Protein chains: 2
Amino acid sequence: MQNLQKILNYHFKDQELLLTALTHKSCKNQVNNERLEFLGDAVLDLLIGEFLYKKFPQKQEGDLSKMRASLVNEQSFMNFAKAIKLDECILISANEEANDGRKKASILSSAFEAIIGAIYLESGLNVTKKITYKLLEELYPKIDIQSLFMDYKTALQEVTQAKFGVTPDYILLEEIGPDHKKQFKMALHIQNQEYAQAIGTSKKDAQQKCAKIAYTKLMR
Amino acid sequence: MQNLQKILNYHFKDQELLLTALTHKSCKNQVNNERLEFLGDAVLDLLIGEFLYKKFPQKQEGDLSKMRASLVNEQSFMNFAKAIKLDECILISANEEANDGRKKASILSSAFEAIIGAIYLESGLNVTKKITYKLLEELYPKIDIQSLFMDYKTALQEVTQAKFGVTPDYILLEEIGPDHKKQFKMALHIQNQEYAQAIGTSKKDAQQKCAKIAYTKLMR
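Residues numbered from 1 in each chain as written. Chains lettered and ligands numbered in written order. Predicted model: local features only at pLDDT ≥ 70, side-chain atom pairs only at ≥ 80, totals over all residues. Heavy atoms only, no water.

Student: Help me out: how do you make sense of the overall build of chain A in this one?
Tutor: Counting its secondary structure elements, chain A contains ten helices and three strands. Reading chain A from its N end, one meets helices and strands in the order α-α-α-α-α-α-α-α-α-β-β-β-α. Every one of the 220 residues in chain A was classed for burial, and the buried ones make up 47%. Taking all contacts inside chain A whose residues are at least 6 apart in sequence as the whole, residues at least 24 apart take part in 54%. In the form shown here, chain A has an accessible surface area of approximately 11,300 Å², with 49% of it arising from carbon and sulfur atoms. (Helix = DSSP H or I, 4+ residues; strand = E, 2+ residues; numbered from the N terminus. Buried < 20%, exposed > 50% of the residue type's maximum accessible area, 1.4 Å probe, protein only. Contact = heavy atoms within 4.5 Å. Areas by Shrake-Rupley, 256 points an atom, 1.4 Å probe, with all protein chains shown as cover.)

Student: Looking at this structure, how should I read the relation of the copies chain B and chain A?
Tutor: One copy of the chain maps onto the second through a rotation about an axis and a displacement along it. The transform that puts chain B on chain A rotates by 180° and translates by 0.2 Å along the axis, for an RMSD of 0.2 Å. Such values leave the two copies arranged in the relation of a two-fold axis. In this assembly the copies share their binding face: 100% of the residues contributing to the interface of chain B also contribute to that of chain A. (Least-squares fit on C-alpha atoms with pLDDT ≥ 70 in both.)

Student: I keep staring at the pairing of strand β3 (residues 193–200) of chain A and nothing clicks. Help me out?
Tutor: The side chains of a regular strand alternate, residue by residue, between the two faces of the sheet. All names here are of chain A. Here seven bridges tie strand β2 (residues 183–190) to β3, and the two strands are oriented antiparallel to one another. What sits directly across from Met186, in β3, is Ala198. Hairpin connection between β2 and β3: a loop of two residues separates the two successive antiparallel strands, and Gln191 in this loop has a positive phi of roughly 50°. (Pairing = 2+ DSSP bridges.)

Student: Before we go on, may I ask you to explain the UniProt feature "active site" (unreviewed entry) in chain A in this structure?
Tutor: Residues and elements named next belong to chain A. UniProt tags Asp41 and Glu113 as "active site" (unreviewed entry). Their sequence span is 73 residues, while the largest C-alpha to C-alpha distance among them is just 5.4 Å; these annotated residues converge on one region. On the secondary structure map, Asp41 appears in helix α3 (residues 34–55). Overall, the relative accessible area of 29% leaves Asp41 in the partly exposed class. In this fold, Glu113 is placed in helix α7 (residues 105–139). Judged by its relative accessible area of 7%, Glu113 falls in the buried class. (UniProt positions renumbered as here; feature names shortened; annotations may be inferred.)

Student: Sorry, what's going on with the domain arrangement of chain A here?
Tutor: Accessible area lost when the parts come together is the quantity often used to give the size of an interface. In terms of domain boundaries, chain A breaks down into domain 1 (2–148) and domain 2 (152–219). In this structure, domain 1 of chain A and domain 2 of chain A have C-alpha centres spaced 31 Å apart. (Domains from an automatic or database assignment.)

Student: What am I meant to see in the packing of aromatic side chains here?
Tutor: For any pair of aromatic rings, the description consists of the separation of the ring centres together with the inter-plane angle of the planes. Residue and element names in this part refer to chain B. Taken as a whole and assessed by the stated rule, the structure comprises twelve aromatic pairs over all chains. Taking the centre distance of 5.0 Å and the plane angle of 90° together, the rings of Tyr10 and Phe12 count as edge-to-face. Assessed through its relative accessible area of 8%, Tyr10 is described here as buried. Residue class for Phe12 comes out buried when judged on its relative accessible area of 0%. (Phe/Tyr/Trp six-rings, centres within 6.5 Å; stacked < 30°, edge-to-face > 60°.)

Student: Could you clarify how one ought to interpret the packing of helix α2 (residues 15–22) of chain A against α7 of chain A in this entry?
Tutor: Each pair of packed helices can be described by the angle between their axes along with the distance between the axes. Residue and element names in this part refer to chain A. Orientation of α2 relative to α7, taken along the N-to-C sense of each, is 155°, at an axis distance of 8 Å. The angle between α2 and α7 places the two elements in the roughly antiparallel class. Of the two possible hands of crossing, α2 and α7 adopt the one that is right-handed. Facing Leu17, Leu18, Ala21 and Leu22 of α2, the residues of α7 in contact are Ala111, Ala114, Ile115, Ala118, Leu121 and Glu122. The residue inventory of the contact of α2 with α7, partitioned by class, reads nine nonpolar, no polar and one charged. (Axes fitted to C-alpha atoms, helices over the stretch in contact; angles between N-to-C directions. Parallel < 35°, antiparallel > 145°, perpendicular 65-115°, else oblique. Left-handed = near helix turned anticlockwise from the far one by under 90°. Nonpolar A, V, L, I, M, F, W, Y, C, P; charged D, E, K, R; others polar.)

Student: Help me out: how do you make sense of the pattern of salt bridges in this one?
Tutor: A complete count under the given rule lists 25 salt bridges over all chains for this structure. The residue Arg102 of chain B makes a salt bridge to Glu97 of chain B at a minimum N-O spacing of 2.7 Å. Looking at Arg102 of chain B, the relative accessible area reads 24%, which means it is partly exposed. Note that Lys209 of chain B and Asp205 of chain B form a salt bridge whose closest N and O atoms lie 3.5 Å from each other. Of this pair, Lys209 of chain B and Asp205 of chain B are both found in helix α10 (residues 203–219), four residues apart, which corresponds to roughly one turn of the helix. Residue Lys209 of chain B is classed as partly exposed on the basis of its relative accessible area of 38%. Salt bridges sharing partners connect three or more residues here, namely Glu174 and Lys185 of chain A together with Glu174 and Lys185 of chain B. (Salt bridge = Lys/Arg side-chain N within 4 Å of Asp/Glu carboxyl O.)

Student: Help me out: how do you make sense of the packing of α3 of chain A against helix α7 (residues 105–139) of chain B in this one?
Tutor: At their nearest, the axes of α3 of chain A and α7 of chain B sit 13 Å apart, and the two run at 150° to each other. One way to sum up the angle between α3 of chain A and α7 of chain B is to call them roughly antiparallel. α7 of chain B is crossed by α3 of chain A, and the crossing has left-handed handedness. Residues Leu46, Glu50, Tyr53 and Lys54 of chain A of α3 of chain A form the contact with α7 of chain B, whose participating residues are Tyr120, Leu121 and Leu125 of chain B.

Student: Could you clarify how one ought to interpret the sheet that holds strand β1 (residues 169–176) of chain A in this entry?
Tutor: Sheet strands associate in pairs through backbone hydrogen bonding, adopting either a parallel or an antiparallel arrangement. Residues and elements named next belong to chain A. Spatial ordering of the open sheet is given by β1-β2-β3, a layout of three strands whose pairing is antiparallel. For this open sheet the edge positions go to β1 and β3, each flanked by a neighbour on one side alone. Direction aside, the axes of adjacent strands within the sheet are offset by 20° on average. Here helix α9 (residues 152–164) sits on the sheet and contacts β1, β2 and β3; the angle it forms with β2, its principal contact strand, is near 20°. Sheet strands in contact with helix α10 (residues 203–219) are β1, β2 and β3, and its direction is about 140° off that of β3.

Student: What exactly am I supposed to notice about α10 of chain B here?
Tutor: Given 3.6 residues per helical turn, the α-helix brings residues three or four places apart onto the same face. Its 17 residues place the ends of α10 of chain B 24 Å apart at the C-alpha level, agreeing with the 24 Å of an ideal helix rising 1.5 Å per residue. Residues of α10 of chain B that are buried: Ala206, Gln207, Cys210, Ala211, Ala214, Tyr215 and Leu218 of chain B. (Expected span 1.5 Å × (residues − 1).)

The following block contains the structure:
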């Protein structure tokens, strides 16, 4: 815990609070980090949103949302967690320990959110902002449009061409709901084998979701 | 605009910013309130989350999330917008005007988020917090567990019994996706007539969504 505070360059006034932030629910202690995670999640959403708002004054809301989504997610927060070596100091149950819980994205990302929630709670937004932005700049030294717009369809196409010499097929399975808020269920096939199904608010949206699932499967 | 600032008890340092916050995208001006809405949305998520976090120290994360969802939504933000008389000062196109745009939940709630985003931008979180909490306490004088947990299934049942003398039927239409993240598509029938369809992460979730749709239809 000393090391964590050194890396963050932040000393917790309330060491109990820090302990709570590090405690995964698997511990069955009286308190765990779920409530702090709830708070920290919203703090990070705001701070990263504000960062992008100021960095990209010409970008419209839709683009800002997409960029934020690529920074505010379990995978990204796991990277933040590892950067501050949270994997070395989270408290998890023996079962989770045996189950490689210390490496799980969900556990690490929750702990990171909880740490941010705890700092916000005792020191306010500006202190939390400094710490978050420092980490953000270390982890994403060049936040630019390209790297923040992960286009899974394009990415997947490159992978399948390299791997199988073909491009994926997207098949519309079903249109769901009334005309004014229709949803589209699509499947993704590679060489006639189904790799993903997803529902989206447009065909393009459902295709992106399918592509993301298949991309993740192939890159595992 | 003077009246709005009086109601908020807040004078905008930057009157251009205020104008931007009031400008709906239908105006086709160079700037509109979409970017400020993006920011304000995250500010409100945090402030209302923090409010609940502190007010309900015994509540778990899941309950806090549900409570927040019942306060942070288009309908609720429309009420905030009306409370500060935003309907009287938003700028919308002639088309939207003819289309009753001044009364639309989406337009009013966006404008409210943008106003909050603008205040945050020029005066920081603490000033925004005071204004938001004052409004919150005026609009929801007794924020309690009951009123924040709208159980649509129960509410709908009361309505259908009073109106038709029967309870609704929930019908499972389809299970979608792989076992580890299955989704459930359900329909809601009242007296053999379909009132709603919805997809949820559990049958219960899909039923609640169906109930909400049907409830809203019947209460219109």
